[in-house]
Amino acid sequence: MAREFQRGHKAKLSDLTPGTDLYVGVQIAAPGLTFDISCFGLDADEQLSDDRYFVFFNQPKTPEESVQLLGAQAGDTESFRVTLDRIPEHIHKLSFTATVDGAGQMSQIGPGYLRIVAGGEEVVRYAFTGSEFSTERAVMLGDFYRKDVWRFAAVGQGFDGGLDALLKNFGGEVAEEEPAPQPGSAAPPAFAPPAGPAPGFGAPQAPHVPQAPQPPAPSFGAPPGPPQPAVAAPVHSAPTMAAPLAPGTVPPPAPAPAPYGQPAQPPFGQVPGQTPPPGPPPGAPPAGVPQGTPQAGPGLQAALQAYREAPTGQRWTSQNQQLMRADLTVGGTPVLARQGSMVMYQGKVDFGYRGAGFSGRVVGNATGQEMQLMRCTGRGQVFFAEEAAHLHAVELQGDGICVSAENVLAFDETLQHEVRRIEGHGIPGGALFTMMFHGTGTVVVKTRGVPVVLPVTPTTFADSNAIVAWSAASQVILSSQVRLRRNAYPGHSGETVNLQFRGAPGNFIVVQPYEV
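The shown structure was predicted, so the numbers you read here are calculated from the model rather than taken from an experiment. (Residues numbered from 1 in each chain as written. Predicted model: local features only at pLDDT ≥ 70, side-chain atom pairs only at ≥ 80, totals over all residues. Heavy atoms only, no water.)

A.B. asks: Residue-level account of the overall build of the protein, with values.
C.D. replies: In terms of regular secondary structure, the protein is built from four helices and 27 strands. Split into buried and exposed, the 516 residues of the protein put 46% on the buried side. (Helix = DSSP H or I, 4+ residues; strand = E, 2+ residues; numbered from the N terminus. Buried < 20%, exposed > 50% of the residue type's maximum accessible area, 1.4 Å probe, protein only.)

Below you can see the structure in the form of structure tokens.
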């Protein structure tokens, strides 16, 4: 009897079946839609480092034939043969995915499943429906992955974007489409389940490769599933952010004070020369609301009014001290952000993995300034946050700023960034390097608590564990006053290594009230 998996369930394959020659069938359909069912062979970093292990309609098998595309059979929209003991060592995961070919959304699909058959017997079935998705055009259904032994996980994770976006997410490159090869009319392998009727709901799946009539499989194949009743798959509209409950205004965040002794230096995170837009006078209705319009009264509406989204039409907007919004429709360029920092988005946004390449990984591992990034593209608004840290959008206009990689949350792809070495004999903990950003664009810096911005003078020192950022033109050297780690001996002051900053007037440093 097959084990029924729910989303997120995992198990060792050896607990499900002793066999290593497996059949994987995927059933998915929706009226008027066609689907691409694929398998990605990923390395230890979950990247498609070898595109020969991307199995789809135009490349039906891997070099050693450990994964083979079999086509539609036994009521399955697509099926695969997976021979676990033939998969090479550098492949750590097999990700089975489904994407909409053309227009459509995953919310339109009817009940579907991914199943595993071994020795003619179905051992696992993971069922899903369109109600679990919304505007996604791709879904990662299930994974075979190595963790000491081969295991299976029911994923069921939706993904905005089609096959190209999914390929980019796994680090692959999108090539121009070529005609699919025409295979011969080979009979299905013996381990496959017998041919059965197509499911009753929705429109029948039109495969990319025409299949010859399939002869009956041997008696030890998996029994065909019972025909399913016709189900009209509901079409769900794309979710959008709810309109405000009542008109009102959100006071803009207070600007940071100007640095001490530097009237001409703009506050940290404010564009040089930019002045905040004037707000409405006290008691006046918001823009666009006629005079005399009743405002929100007491109760739930009034309680939620202070937390409304604050749209400004700008590229980057601070929603509050811990939440930053990026509008990808302004400027039309992608945003690079720390992986996992997205908390919400609106519109059509694609999220892809941004690798640093081999040389970048070597530099990152050696300097401690490596960042795991995701690339946000499309037309919509993305909200970023991380552990309730304070966020500051710093706009660069041809100038530069040095920031520790640990304090970078997101930045415009238009900015250039590189690792810069701090001069000196060494800093405990390996903090010999920092990230320098320069060019035109915005970098979002995160701090623990409200930072202080100080001008650089010949007597400016900062703890290396509390410094967040400084102007790129500043000269940084190690202070010789403190050489030992904290708690080095009884009566020690508890301070570590200090950095001394030097530079012309106009340079600054940013220090947070927290030591990492």
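Continuing now.
A.B. asks: I'd like to hear about a nonpolar patch on the surface, residue by residue, with values.
C.D. replies: Together, Leu300, Leu304 and Tyr307 line one region of the surface with nonpolar side chains, adding up to about 380 Å² of accessible area. Its location among the elements puts Leu300 in helix H3 (residues 300-305). (Patch = residues over 30% accessible without salt bridge, like charges linked within 9 Å, V, L, I, M, F, W, Y side chains within 5 Å. Areas by Shrake-Rupley, 256 points an atom, 1.4 Å probe, with all protein chains shown as cover. Salt bridge = Lys/Arg side-chain N within 4 Å of Asp/Glu carboxyl O.)

A.B. asks: Which residues make up unusual backbone geometry, and what are the values?
C.D. replies: For Glu46, which is not a glycine, the phi torsion comes out positive at approximately 60°. In this structure Glu46 comes out as partly exposed when scored by relative accessible area, which is 41%. Not every positive phi belongs to a glycine, and Asp148 is a case in point at roughly 70°.

A.B. asks: Account for the environment of Lys93, with residues named and values stated.
C.D. replies: Structurally, the position occupied by Lys93 is in strand S8 (residues 93-101). When its relative accessible area of 14% is taken as the criterion, Lys93 is described as buried. It is 4.2 Å that separates the C-alpha atoms of Lys93 and Tyr145, two residues lying 52 residues apart in sequence. A polar side-chain atom of Lys93 sits 3.0 Å from a polar atom in the side chain of Glu46. (Polar contact = N/O pair within 3.5 Å; in protein donor to acceptor, adjacent residues only side chain to side chain.)

A.B. asks: Describe the side chain of Thr62, and please don't skip the residues or the numbers.
C.D. replies: Following the sequence through the fold, Thr62 ends up in the loop between strand S5 (54-55) and strand S6 (67-69). Residue class for Thr62 comes out buried when judged on its relative accessible area of 3%. Non-local contacts of Thr62, meaning those with residues more than four positions away in its chain, are made with Arg52, Tyr53, Val55 and Val67. (Contact = heavy atoms within 4.5 Å.)

A.B. asks: Got a sec to walk through the sheet that holds strand S2 (residues 10-12)? Specific residues and values, please.
C.D. replies: Taken in spatial order, the six strands of this open sheet run S2-S12-S11-S8-S4-S5, and their pairing is antiparallel. Sheet topology places S2 and S5 at the edges, where each strand pairs with a single neighbour. (Pairing = 2+ DSSP bridges.)

A.B. asks: Would you mind going over the pattern of salt bridges in detail, with residue names and values included?
C.D. replies: Under the defined criterion, the tally for this structure stands at 13 salt bridges. Linked through salt bridges whose partners overlap, the residues forming this network are Asp76, Arg115, Glu122 and Arg125.

A.B. asks: Kindly report on the pairing of strand S12 (residues 149-159), identifying the contributing residues and their values.
C.D. replies: In this sheet, S12 lies alongside S2 in antiparallel orientation, the contact comprising three bridges. Its bridge partner being in S12, Lys10 is matched across the sheet by Ala153. Where strand S11 (residues 138-147) and S12 come together, nine bridges link them in antiparallel fashion. Residue pairing in the sheet places Met140 in a bridge with Gln157 of S12. Remark: one residue form the turn of the hairpin made by S11 and S12, two consecutive strands paired antiparallel; Asp148 in that turn has positive phi of roughly 70°.

A.B. asks: Quick rundown of the packing of aromatic side chains? Include the residues and the values.
C.D. replies: Counted by the stated rule, this structure contains 13 aromatic pairs. Their ring planes at 20° and their centres at 4.5 Å tell us that Phe40 and Phe54 sit as a pair that is stacked. Taken as a pair, Phe40 in strand S4 (residues 34-42) and Phe54 in strand S5 lie far apart in primary sequence, 14 residues in all. In this pair, the class of Phe40 matches that of Phe54, namely buried. Positioned over the ring face of Tyr113 is Arg125, at 4.0 Å from the centre of the ring. The aromatic ring of Tyr514 is capped on one face by Arg448, whose charged end is 4.1 Å from the ring centroid. (Phe/Tyr/Trp six-rings, centres within 6.5 Å; stacked < 30°, edge-to-face > 60°. Lys NZ or Arg CZ within 6 Å of the ring centre and 35° of its normal.)

A.B. asks: Describe the sheet that holds strand S1 (residues 3-5), with residues and values.
C.D. replies: Read from one edge to the other, the open sheet built from six strands follows the order S1-S10-S9-S3-S7-S6, with strand pairing classed as mixed. This sheet does not close on itself; its edge strands, each paired only once, are S1 and S6. Neighbour to neighbour, the strand axes of the sheet diverge by 20° on average, direction disregarded. Where S6 and strand S7 (residues 78-83) come together, three bridges link them in antiparallel fashion. When the bridges of S7 are listed, Leu69 appears paired with Phe80. (Axes fitted to C-alpha atoms, helices over the stretch in contact; angles between N-to-C directions.)

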